Amino acid sequence: NMDKAAQAGLLDSAPVNFASNALTIVVGRGNPKQVNSFQDLTKPGVDVVICAEPVPCGGATKRIEQVTGVRLSPLSEETSVADVLTKVTSGQADAGVVYVTDAQQAGDAVTEVGFVESSQAVNVYPLAVLKQSGNADLARRFVVHVTGEAGQKALAEAGFRAP
């Protein structure tokens, strides 16, 4: 969307990447099905849920499948990361693929299982001031704040990575 905004001439300045997020696997507390890798999501008896492909986490999951050659057979494809988490925390699924930030927010309700292939589908988030901003000076200060030390610290505490 930022590319579309830039192409349409809507931006006051070049976008700045301010954070990134990667996928992770969430499983029930204690990892009862012993899911330890992306490949393990294909083990018999492991019911996995993912985001549907139009959803960003679904598109990222499909990229991981392409990179690894691992084809998941999900129990369901959800319309949001929150729905994936709910399926796992409620016991309707054994595992789900979500963002690191969502796993962190779920806290003790899930066990997180990182996987090295997640680095192949990192989402990077840009920020820019719009030409039609009602307060461009304040918007520029916001960009500086988000990309500065305090903003980056808050984002890191929420589980986001540097861009």
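See above for the structure.
Summary of the structure given here.

So, how was this worked out
- Residues numbered from 1 in each chain as written.
- Predicted model: local features only at pLDDT ≥ 70, side-chain atom pairs only at ≥ 80, totals over all residues.
- Heavy atoms only, no water.
- Salt bridge = Lys/Arg side-chain N within 4 Å of Asp/Glu carboxyl O.
- Helix = DSSP H or I, 4+ residues; strand = E, 2+ residues; numbered from the N terminus.
- Buried < 20%, exposed > 50% of the residue type's maximum accessible area, 1.4 Å probe, protein only.
- Pairing = 2+ DSSP bridges.
- Axes fitted to C-alpha atoms, helices over the stretch in contact; angles between N-to-C directions.
- Contact = heavy atoms within 4.5 Å.
- Parallel < 35°, antiparallel > 145°, perpendicular 65-115°, else oblique.
- Nonpolar A, V, L, I, M, F, W, Y, C, P; charged D, E, K, R; others polar.

**Looking at the pattern of salt bridges**
Charged atoms that come close allow side chains of opposite charge to pair.
Phase 1 of the analysis: Under the definition given, this model contains six salt bridges.
Phase 2 of the analysis: Here Glu-77 ties to Lys-62 by a salt bridge, and the two come within 4.0 Å at their closest N and O atoms. Of this pair, Glu-77 sits in strand S4 (residues 76–78) while Lys-62 sits in helix H2 (residues 56–68), placing them 15 residues apart in sequence.
Phase 3 of the analysis: Judged by relative accessible area, which is 40%, Glu-77 ranks as partly exposed.
Phase 4 of the analysis: Between Lys-87 and Glu-78 there is a salt bridge; the shortest N-O distance is 3.6 Å.
Phase 5 of the analysis: When salt bridges that share partners are traced, they join Lys-62, Glu-65 and Glu-77 into one network.

**Some points on the sheet that holds strand S5 (residues 95–99)**
Phase 1 of the analysis: Read across the sheet, five strands follow the order S4-S3-S5-S2-S6 without closing on themselves; strand pairing throughout is mixed. The two strands at the open ends of the sheet, each matched to only one other strand, are S4 and strand S6 (110–113). When the angles between neighbouring strand axes are averaged without regard to direction, this sheet yields 35°.
Phase 2 of the analysis: Packing against the sheet, helix H3 (residues 81–89) makes contact with strand S2 (23–28), strand S3 (48–51), S4, S5 and S6, and its axis sits at approximately 145° to S5.

**Let's talk about the pairing of S5**
Phase 1 of the analysis: Of all five residues in S5, five are buried; the element is thus mostly enclosed.
Phase 2 of the analysis: Bridge count between S2 and S5: five bridges; the pairing is antiparallel. Looking at the pairing, Val-26 lines up with Gly-96 of S5.
Phase 3 of the analysis: Of the strand pairs in this sheet, S3 and S5 are connected by two bridges, and their pairing is parallel. Within the sheet, the bridge partner assigned to Val-49 lies in S5 and is Gly-96.

**Quick word on the packing of helix H5 (residues 136–147) against helix H6 (residues 149–157)**
Phase 1 of the analysis: At a minimum axis distance of 4 Å, the contact between H5 and H6 shows a crossing angle of 55°. One element, H5, and the other, H6, form an angle in the oblique class. Taken together, the residues of H6 that come into contact with H5 (itself represented by His-145, Val-146 and Thr-147) are Glu-149, Ala-150, Gly-151, Gln-152 and Leu-155.
Phase 2 of the analysis: Residue composition of the contact of H5 with H6, by class: three nonpolar, four polar and one charged.

**Some details on unusual backbone geometry**
Phase 1 of the analysis: In this structure, Asn-31 takes a positive phi of about 55° despite not being glycine.
Phase 2 of the analysis: A residue is classified by how much of its surface remains accessible, and Asn-31, at 8% relative accessible area, is buried.
Phase 3 of the analysis: Positive phi, close to 55°, is recorded for Gln-34, a residue that is not glycine.
Phase 4 of the analysis: Counting through the fold element by element, Gln-34 comes out in the loop between S2 and S3.
Phase 5 of the analysis: Using a relative accessible area of 45% as the deciding quantity, one classes Gln-34 as partly exposed.

All quantities given are derived from atomic positions and should not be read as evidence of function.
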